[in-house]
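# Architecture and fold: a report
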Amino acid sequence: MTDRFHLDAVPIRLESCGKTFPGGSRALEPLDLTIRGGETIVFLGPSGCGKTTTLRMIAGLESPDPGGRVWFGEEDVTALPIERRNVGMVFQSYALFPNMSVAENVAYGLKVRRVERADRERRVEEMLDLMHLGAFAGRRVDQLSGGQRQRVALARALVVRPRVLLLDEPLTALDAKLRDSLRLDIDRLLRGLGVTAVYVTHDQGEAMALGDRIVVMAKGRVAQIGTPRDIYHRPTDGFVADFIGAMNRVSGQAQSGALRLGRGAFPWSGPDGPVELLIRPEDIALAAEGEEDTHLDGLVAAAVFLGDRTRLVVETGDGPPLTVDAASRSGLARGDRVGLRLDPSRLLNLPQP
Amino acid sequence: MTTMTLSRRGLSFWAQLVFTLLVCALLMAPVAMSMLAGVTANYFVGIKSGLTLRWVEEVWRLYADTIFLSLRIAFACLGCTLLLGVPAAYALARRQGAVARAVEELLMMPVAVPGLATALALIVTYGGVGDLRRSWLFILIGHVLFTLPFMVRAVLAVMTSIDLKTLEEGAASLGAGFARRFFSVVLPNCRSGILAGSLMVLTLSVGEFNLTWLLHTPMTKTLPVGLADSYASLRIEIGSAYTLVFFIMIVPSLILLQWLARHDRSAP
């Protein structure tokens, strides 16, 4: 169904795009980035990290500081305002026109482009069908649910066959269940249409599910760019490691080529002294207390049953408590004593933010 | 205890009702009397002298031109306040700075300053410019000055209640340039404010007396000035009939204003 809507895959290139707001505050340090044609790239970070500013510069709603350039394919669009960039944009607050029906909203961009009436009506109808909105064509916007509104906004942005689709926290205003189903819809659309998409979110789950690549940002800088797997398994600094998923900190002592961590010792190439290492909950195995090959013993301070697993908080008496996942039927509870086995190949030694 | 509370509440309810009705009667009686006087053959004899439309006809003969002038000024004033006020409200809504807020406050000045003072200032400053003093345009200037704040406020209230910036960004992302955005998205979504402001301006302009009394000349009398004139110099029946005519003009627009306000609340 989405084949006939296939869009051109236009690459985007940002060349030293920084942004200083009047008053002198730096929203974004100069950024160089190439987004491949047809790729879905997700800008992820806490509020104020510069992700929305970057999106708005690609959209043409903000211009980069002098010297910055924005390229769509071979075209330098830096000086073009948003209305001449041929982008599609989806907003957190939907930005649907309350004075128009659903169909009129979707037809708006085609009217602006002077698409002939018959052609326009056909394309609007096809797009509404694609988004499962056919039955709502004549409705007023305020008669729709949040999820339906955002689907109208997507239809409105896509019907004009934009060069780039820009999504600014499109799921943030929705409740959890709607968010999941619309996320799947968006994923299906982006894969099917082949359009270059830039997606901004503060939700790491959304970023992992939708992004071909994720750009993690903090304080106006790029912290890391990579595939969701890269970002999760090979974070390049402590900020990224903490921001994505759950992360534990364990401290050890390096001495003459070996790292002592609890009862264990691992080969170590770094200098001697105290070392802080990171490890994901799923890379820590549970065992009985004092069992052979375990590195640490601890007391279960909290157990949160999540259905498919139980998340334990284990006090080891040395450093911050560790988060560890137990099997759903393990039956471990608060007050139980456990042994912990760390996977040495999964220990991360990262520069701290 | 409960019955006491109930009876106390009951008592205060009845007292308030009686008081409200009394105030209403006090306010309505002169209006009713005046309107009745306008169709009474001889006011001093009373209603038994018979009802007649003679005085209304007399008013029409003597003052039709003031009615037409009032209408002309009211609609010209509406045109001016729309052309000036809607863009002004838009600019104020889109700008967040201290300057914009200061301008917003300054715009209210003509309402705060007594009409007579404004009129005097206009005469002192522009009274000598060409034929302006003798033209109805002089009154129009005064009316625009006085009514513009009401238009700006009404439109601005609606503009700040919707997320105008994002709506416009949405339209721009779909390829719409400024003019297109303004006419297809901004204006239609501010319709209720523009309507409310328009009716306010029309009503205020038709009824304006303070400014107009100083600004008018014998050749440029408006309806309220004519009304004062007739009360001062003619039979009380004619003045009253004049009031009747005034009501016929102003009441429908007030009703329309109320209806629109209610209509807008039920359909957000």
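Residues numbered from 1 in each chain as written. Chains lettered and ligands numbered in written order. Predicted model: local features only at pLDDT ≥ 70, side-chain atom pairs only at ≥ 80, totals over all residues. Heavy atoms only, no water.

Spelled out, the test is: UniProt positions are given in the numbering used here, feature names are shortened, and annotations may be inferred rather than shown by experiment.
By the naming in an unreviewed UniProt entry, chain A goes by ABC transporter ATP-binding protein and is assigned to Azospirillum cavernae. The record held by UniProt for chain A lists under Sequence similarities (unreviewed entry) the comment "Belongs to the ABC transporter superfamily."

## Section: the overall build of chain B
As a reminder, the rule being used: We count a stretch as a helix when DSSP gives it H or I for four or more residues in a row; a strand needs E for two or more, and each element gets its number in order from the N terminus. For this measure, only C-alpha atoms enter the radius of gyration; the expected value for a globule follows 2.2 Å times N^0.38, where N is the number of residues. Contact definition: two residues touch when any of their heavy atoms are within 4.5 Å. Method for areas: the Shrake-Rupley scheme with a 1.4 Å probe, in which residue coverage is limited to the protein chains shown. Neither His nor the chain ends is counted toward charge; the positive residues are Lys and Arg and the negative residues Asp and Glu. Here the site of a charge means NZ on Lys, CZ on Arg, CG on Asp, or CD on Glu.
When helices and strands are tallied, chain B shows 12 helices and two strands. Put simply, chain B runs from its N terminus to its C terminus through helices and strands in the order α-β-β-α-α-α-α-α-α-α-α-α-α-α. Rg of the C-alpha trace for chain B: 24 Å, well past the compact-globule value of 18 Å for 268 residues, more than 25% over. Here the analysis covers contacts within chain B between residues at least 6 apart in sequence; of these, 73% occur between residues at least 24 apart. Put simply, chain B shows about 14,900 Å² of open surface, and 73% of that area lies on carbon and sulfur atoms. Placing the 20 positive and 13 negative side-chain charges of chain B at their respective mean positions leaves the two points 5 Å apart.

## Section: the domain arrangement of chain B
Residue and element names in this part refer to chain B. Put simply, the rule is: An automatic or database domain assignment supplies the residue ranges for each domain. Buried area, as used here, totals the accessible surface that two parts lose on assembly, with accessibility defined by a 1.4 Å probe and the loss added over both. Think of a salt bridge as a Lys or Arg side-chain nitrogen and an Asp or Glu carboxyl oxygen that are within 4 Å of each other. In protein, a polar contact requires one atom able to donate a hydrogen and another able to accept it; more generally it is a pair of N or O atoms within 3.5 Å, and residues adjacent in sequence count only if both atoms are side-chain atoms.
Taken domain by domain, chain B consists of domain 1 (2-38) and domain 2 (56-266). Each of domain 1 and domain 2 has a C-alpha centre, and the two are 34 Å apart. Listed per partner, the contact involves five residues of domain 1 and eight residues of domain 2. With both chains or domains summed, domain 1 and domain 2 bury close to 500 Å², and 67% of this area falls on carbon and sulfur atoms. Ranking the residues of domain 1 by area buried against domain 2 places Ser34, Met35 and Gly38 at the top, with a combined share of 74%. Linking domain 1 with domain 2 are zero salt bridges, by the criterion used here. The tally of links between domain 1 and domain 2 comes to zero residue pairs in polar contact (both at pLDDT 80 or more).

## Side note on the UniProt feature "domain: ABC transporter" (unreviewed entry) in chain A
Mapped onto this numbering, the UniProt entry gives "domain: ABC transporter" (unreviewed entry) at residues 12-244 of chain A. Counting secondary structure, residues 12-244 of chain A comes out at 36% helix and 24% strand; the distance between its end C-alpha atoms is 26 Å.

## Description of the interface of chain B and chain A
The cut-off we apply is this: We call Asp, Glu, Lys and Arg charged. Ala, Val, Leu, Ile, Met, Phe, Trp, Tyr, Cys and Pro are nonpolar, and the rest, Gly among them, are polar.
Across the boundary between the two partners, chain B contributes 20 residues, which contact 24 residues of chain A. When chain B packs against chain A, the two sides together hide about 1,800 Å² of surface, and 57% of this comes from carbon and sulfur. Between chain B and chain A we count two salt bridges in total. With its nearest N and O atoms 3.6 Å apart, the salt bridge here joins B:Arg181 to A:Glu83. The tally of links from chain B across to chain A stands at five residue pairs in polar contact (both at pLDDT 80 or more). Every element with two or more residues in the side of chain B that touches chain A is listed here: helix H7 (164-173) and helix H8 (178-189) of chain B. Among the residues forming the side of chain B that touches chain A, the class breakdown is eight nonpolar, seven polar and five charged.

## Some thoughts on the sheet that holds strand S15 (residues 284-287) of chain A
All names here are of chain A. Stated precisely, the cut-off is as follows: Pairing between two strands is assigned when DSSP locates at least 2 bridges connecting them. For helices, the axis comes from a line fit to the C-alpha atoms of the stretch in contact; other axes are also lines fit to C-alpha atoms, and the angle between any two N-to-C directions lies between 0 and 180 degrees.
Here we have five strands laid out as an open sheet, ordered S15-S19-S16-S17-S18, and antiparallel in their pairing. Edge strands, defined here as strands with exactly one partner in the open sheet, are S15 and strand S18 (322-327). Averaged over all adjacent pairs, the angle separating strand axes in this sheet is 50 degrees, with direction ignored. Pairing of strand S16 (residues 296-305) with strand S17 (residues 309-315) involves six bridges; the strand directions are antiparallel. Bridging from a neighbouring strand, Ala302 pairs with Val313 of S17.

## Quick word on the layout of surface pockets
Residue and element names in this part refer to chain B. So the rule is basically this: Grid points spaced at 1 Å over the protein atoms alone were grouped into cavities, where a 1.4 Å probe fits but cannot get out, and pockets, open sets with protein on both sides within 12 Å along at least five of seven lines, with lining residues defined by an atom within 4 Å of a point. Grid points are joined across faces, edges and corners, and a volume is the space filled by probe spheres set on the points.
Considered as a void within the structure, the second largest pocket measures approximately 450 Å³ in volume. Considering the residues around the second largest pocket, the lining is formed by 24 residues, among which Arg94, Leu164, Lys165, Glu168 and Glu169 are closest to the centre. Those elements that provide at least two residues to the lining of the second largest pocket are helix H2 (54-94), helix H3 (98-107), helix H6 (136-161) and H7. In terms of residue count, H7 provides more of the lining of the second largest pocket than any other element does, five residues in total. For the lining of the second largest pocket, the per-class residue count stands at 10 nonpolar, three polar and 11 charged.

## Regarding the packing of aromatic side chains
Defined as follows: Only Phe, Tyr and Trp rings are paired, with Trp represented by its six-membered ring, and only when their centres lie within 6.5 Å; those with planes under 30 degrees apart are stacked, over 60 edge-to-face, the remainder tilted. For a lysine, the NZ atom is tested; for an arginine, the CZ atom; a charge sits over a ring if that atom is within 6 Å of the ring centre and within 35 degrees of the ring normal.
Scanning the model with the defined rule gives 11 aromatic pairs over all chains in all. Between B:Phe13 and B:Trp14, the ring centres sit 5.2 Å apart and the planes meet at 75 degrees, which makes this aromatic pair edge-to-face. Over the ring of A:Tyr232 we find A:Arg280, and its NZ or CZ is 3.8 Å from the ring centre. The aromatic ring of B:Trp136 is capped on one face by B:Arg72, whose charged end is 4.9 Å from the ring centroid.

## Overview of the pairing of strand S8 (residues 196-201) of chain A
Residues and elements named next belong to chain A. Formally: Any residue under 20% of the maximum accessible area for its type is buried, any over 50% is exposed, and the rest in between are partly exposed; the area is computed with a 1.4 Å probe on protein chains only. Crossovers are marked right-handed if the path from the first strand over the helix to the second runs clockwise, as seen with the strands pointing away from the viewer.
Within S8, six of the six residues are buried, which leaves the element mostly enclosed by the surrounding structure. One ladder, built from five bridges, connects strand S3 (residues 40-44) with S8; its direction is parallel. Bridge pairing links Val42 to Tyr199 in S8. Of the strand pairs in this sheet, strand S7 (residues 164-168) and S8 are connected by five bridges, and their pairing is parallel. The partner of Leu165 across the bridge, within S8, is Ala197. In this region the chain leaves S7, passes through helix H5 (residues 176-193) and returns to the parallel neighbour S8; the handedness of that crossover is right-handed.

## Overview of the sheet that holds strand S4 (residues 69-72) of chain A
All names here are of chain A. Across the sheet, four strands lie side by side as S2-S1-S4-S5; this open sheet has antiparallel pairing. Each of the sheet's edge strands pairs with one partner strand only, and the pair in question is strand S2 (26-35) and strand S5 (75-76). Summarising the sheet, strand S1 (residues 12-20) and S2 pair through six bridges and their orientation is antiparallel. Bridged to Ile12 within S2 is Ile35. Seen against the sheet, helix H1 (residues 51-59) touches S1, S2 and S4 and runs at an angle of roughly 120 degrees to S1.

## Examining a nonpolar patch on the surface
Applied cut-off: Patch building starts from residues that exceed 30% relative accessible area and form no salt bridge, then joins like charges within 9 Å and nonpolar side chains (Val, Leu, Ile, Met, Phe, Trp, Tyr) within 5 Å.
A cluster of nonpolar side chains, contributed by B:Met33, B:Tyr43, B:Phe44, B:Tyr231 and B:Ile236, occupies part of the molecular surface with about 550 Å² of accessible area. What makes B:Tyr231 partly exposed here is its relative accessible area of 39%.

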